[in-house]
Amino acid sequence: MPPILQRLQQATKMMSRRKILLLVLGCSTISLLIHQGAQLSWYPKLFPLSCPPLRESPPRPKHMTVAFLKTHKTAGTTVQNILFRFAERHNLTVALPHPSCEHQFCYPRNFSAHFVHPATRPPHVLASHLRFNRAELQRLMPPGTVYVTILREPAAMFESLFSYYNQYCPAFRRVPNASLEAFLRAPEVYYRPGEHFAMLAHNTLAYDLGGDNERSPRDDAAYLAGLIRQVEEVFSLVMIAEYFDESLVLLRRLLAWDLDDVLYAKLNARATSSRLASIPAALARAARTWNALDAGLYDHFNATFWRRVARAGRACVEREARELREARLRLVRRCFGDEPVLRPAAQIRTKQLQPWQPSRKVDIMGYDLPGGGGAGPATEACLKLAMPEVQYSNYLLRKQKRRGGLRARPDPVLDNPPPRPIRALPRSAQGT
């Protein structure tokens, strides 16, 4: 073989060895990065964004201060879980209730910054139930905080409230045979304004937003308009539960987050046996008439929502929502098996994933880790993905106490203790 060909052959062999070495090193590096990524962000990015990026130069960093008004029976627990996990990944402080308030900020009282546990102040994120109080929230949260909330179609929401809080709300307890139809046929027979937890039986959305749930837009149209104006002044986004994935696309764009940041597992869902398969039209009309203030709020912000989708580009939002659904399904399968199913609490072996049960008449479903779960970053990620509100709140409070060096410090006592919160079970029902 001529010398020049021999030299070319040797050079080719050397280049091949280098490529192999680089490939090996590259794979090792990628493996290390994936492992580190699992520890830091719990899961790798599952998909690229197909929609055009936000038109900003330079691109905005992720927004880190968010206050979410968690309304009742509107998929708010799932949004809360998204925010809790984001806060953990970025080492942010989450505002959590004082122990006297249990897992809500002393609802149904007007929110006060005094209801926040000192180990969780000053916060970056707030996402637990409260009754909106603009001045107190702005006193607690840092300047630049983005405020968001979520609404649900009032008839569907009221059916869920009636089922979920049937043993807590006196107006619901009075109804023979726990009949929603009987209540809506003559709500004034069962409802007592100002009664304990009466707000769960009448215009609950308006009450959660800080409004007067006893006002009627038929008698005072100006009141509804004023309440809408107040909400619009504070909240940068009002999500709509019926269009949950599209809402998350708008949320992530508002906060400059990735779609990975808003992946979720559906939480706090009732079993099929605990809800109506569909609400008859006459019943839906009666529910909207009884909750006319909520209906007015929902109709306004539903229209506002779709105008916002149009501005963002409807085709783009729908494409991102589809990608979110596909990625969410992959993640849920990765965590909970190829055919993930929601299970009753009694069938969930992992105690940290057993959802709280409001009564023996309602089954709240949850996920379980397959095969006992094991250990490691992936298991931790899956655990948090499906962790119910009560367990996650307790976990975050313990973690933030340790971080702040408050482990040995006793919890302070409120001067004016709140009434027993809604979520507290009667002692005879604990553990059921």
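The coordinates are above.
Predicted model, so just to flag it, every value in this text is computed and none were measured.

Observations regarding the packing of aromatic side chains
Two aromatic rings are characterised by how far apart their centres lie and by the angle between their planes.
Then comes step 1: In total, this model carries 22 aromatic pairs according to the counting rule given.
Then comes step 2: Considering the side-chain rings of phenylalanine 84 and tyrosine 392, the 5.3 Å spacing of their centres and the 75 degrees angle between planes classify their relative orientation as edge-to-face. Note that phenylalanine 84 is positioned in helix H2 (residues 76-89) and tyrosine 392 in helix H15 (residues 389-403), a separation of 308 residues in sequence.
Then comes step 3: Taking the relative accessible area as the measure of exposure, tyrosine 392 reaches 1% and is therefore buried.
Then comes step 4: Judged by centre distance (5.6 Å) and plane angle (80 degrees), the ring pair of phenylalanine 172 and phenylalanine 183 falls under edge-to-face.

Quick word on the state of the cysteines
Then comes step 1: For the structure on display, the rule yields two disulfides.
Then comes step 2: The disulfide bridge from cysteine 101 ends at cysteine 106, spanning 1.8 Å between sulfur atoms. Taking the sign of the S-S torsion, about -60 degrees here, the bridge from cysteine 101 to cysteine 106 comes out left-handed.
Then comes step 3: Classification of cysteine 101 as buried rests on a relative accessible area of 0%.
Then comes step 4: The side chain of cysteine 335 participates in a disulfide bridge whose partner is cysteine 382; the two sulfur atoms lie 2.0 Å from each other. Taking the sign of the torsion about the S-S bond as the criterion, the disulfide between cysteine 335 and cysteine 382, at about -75 degrees, is left-handed.

Some remarks on the pattern of salt bridges
Then comes step 1: Tallying each qualifying case throughout the model produces 19 salt bridges.
Then comes step 2: Here aspartate 261 and arginine 89 are joined by a salt bridge, their closest N and O atoms 3.3 Å apart. One end of the pair, aspartate 261, is in the loop between helix H10 (244-255) and helix H11 (281-290); the other, arginine 89, is in helix H2, and 172 residues separate them in sequence. Accessibility classification places aspartate 261 together with arginine 89 in one group, the buried group.
Then comes step 3: Of the charged contacts in the structure, one is a salt bridge between lysine 384 and glutamate 380, with a shortest N-O distance of 2.8 Å. Pair noted here: lysine 384 and glutamate 380 are both in helix H14 (residues 377-385), with a separation of four residues, about one helical turn.
Then comes step 4: Salt bridges sharing common partners tie together Lys62, Arg89, Asp258 and Asp261.

Focus on unusual backbone geometry
In most cases, non-glycine residues show a negative phi, while peptide bonds are predominantly trans.
Then comes step 1: In this chain, tyrosine 107 is followed by proline 108 through a cis amide linkage whose omega measures 15 degrees.
Then comes step 2: Of note, proline 108 is situated in the loop between strand S2 (94-95) and strand S3 (125-126).
Then comes step 3: With an omega of -10 degrees, the peptide bond between arginine 121 and proline 122 qualifies as cis.
Then comes step 4: Position of proline 122 among the secondary structure elements: in the loop between S2 and S3.
Then comes step 5: Positioned with a positive phi, alanine 178 is a non-glycine residue whose angle comes to about 50 degrees.
Then comes step 6: Within the element layout of this structure, alanine 178 appears in the loop between helix H5 (170-173) and helix H6 (180-185).
Then comes step 7: We classify alanine 178 as partly exposed; its relative accessible area is 33%.
Then comes step 8: The backbone phi angle of asparagine 268 is positive, close to 65 degrees, even though this residue is not glycine.

Points about helix H12 (residues 292-312)
Then comes step 1: Here H12 is 21 residues long and its end C-alpha atoms lie 30 Å apart, about the 30 Å a rise of 1.5 Å per residue gives.
Then comes step 2: Among the residues of H12, Ala292, Leu293, Asp294, Ala295, Gly296, Leu297, Tyr298, Phe301, Asn302, Phe305 and Val309 are the ones counted as buried.
Then comes step 3: The positive-phi residue at the C-terminal boundary of H12 is glycine 313, with phi of around 100 degrees.

A word on the packing of H12 against helix H13 (residues 314-336)
Then comes step 1: Interhelical geometry of H12 versus H13 gives an angle of 95 degrees and a closest axis separation of 5 Å. Taken together, the axes of H12 and H13 are roughly perpendicular relative to one another. Together, Trp306, Val309, Ala310 and Ala312 of H12 and Arg314, Cys316 and Val317 of H13 make up the contact between the two elements.
Then comes step 2: Grouping the constituent residues of the contact of H12 with H13 by class yields six nonpolar, no polar and one charged.

Looking at the packing of H2 against H15
Then comes step 1: Contact pair H2 / H15: the axes reach a minimum separation of 11 Å and the direction vectors enclose 25 degrees. Comparing their axes, H15 and H2 come out roughly parallel. Pair H2 / H15 crosses with left-handed handedness. For the pair H2 and H15, contact is made by Thr77, Gln80, Asn81, Phe84, Arg85 and Glu88 and by Glu389, Tyr392, Ser393, Tyr395, Leu396 and Lys399, respectively.
Then comes step 2: Looking at the contact of H2 with H15, its residues break down into four nonpolar, four polar and four charged.

Regarding empty space enclosed by the protein
Then comes step 1: For the coordinates displayed, the defined rule picks out four cavities of 30 Å³ or more.
Then comes step 2: Counted as a void, the largest cavity has a volume near 130 Å³.
Then comes step 3: Across the lining of the largest cavity, the residue classes break down as eight nonpolar, three polar and two charged.
Then comes step 4: Here the second largest cavity is characterised by a volume of approximately 70 Å³.

A closer look at the pairing of strand S1 (residues 66-69)
Side-chain direction in a regular strand flips from residue to residue, so the side chains alternate between the two faces of the sheet.
Then comes step 1: Burial along S1 is two-sided: Val66 and Phe68 and Ala67 and Leu69, pointing in opposite directions, are all buried.
Then comes step 2: Note that S1 and S3 share two bridges and pair parallel. Within the sheet, the bridge partner assigned to alanine 67 lies in S3 and is leucine 126.
Then comes step 3: Note: S1 against strand S4 (residues 146-151), four bridges, orientation parallel. Paired with leucine 69 across the strands is threonine 149, a residue of S4.

Here is what the cut-offs are and how they apply
- Residues numbered from 1 in each chain as written.
- Predicted model: local features only at pLDDT ≥ 70, side-chain atom pairs only at ≥ 80, totals over all residues.
- Heavy atoms only, no water.
- Phe/Tyr/Trp six-rings, centres within 6.5 Å; stacked < 30°, edge-to-face > 60°.
- Helix = DSSP H or I, 4+ residues; strand = E, 2+ residues; numbered from the N terminus.
- Buried < 20%, exposed > 50% of the residue type's maximum accessible area, 1.4 Å probe, protein only.
- Disulfide = S-S within 2.5 Å.
- Salt bridge = Lys/Arg side-chain N within 4 Å of Asp/Glu carboxyl O.
- Expected span 1.5 Å × (residues − 1).
- Axes fitted to C-alpha atoms, helices over the stretch in contact; angles between N-to-C directions.
- Parallel < 35°, antiparallel > 145°, perpendicular 65-115°, else oblique.
- Contact = heavy atoms within 4.5 Å.
- Nonpolar A, V, L, I, M, F, W, Y, C, P; charged D, E, K, R; others polar.
- Left-handed = near helix turned anticlockwise from the far one by under 90°.
- 1 Å grid on protein atoms, 1.4 Å probe; cavity = no way out; pocket = protein on both sides within 12 Å on 5 of 7 lines; lining within 4 Å.
- Points joined across faces, edges and corners; volume = space filled by probe spheres on them.
- Pairing = 2+ DSSP bridges.

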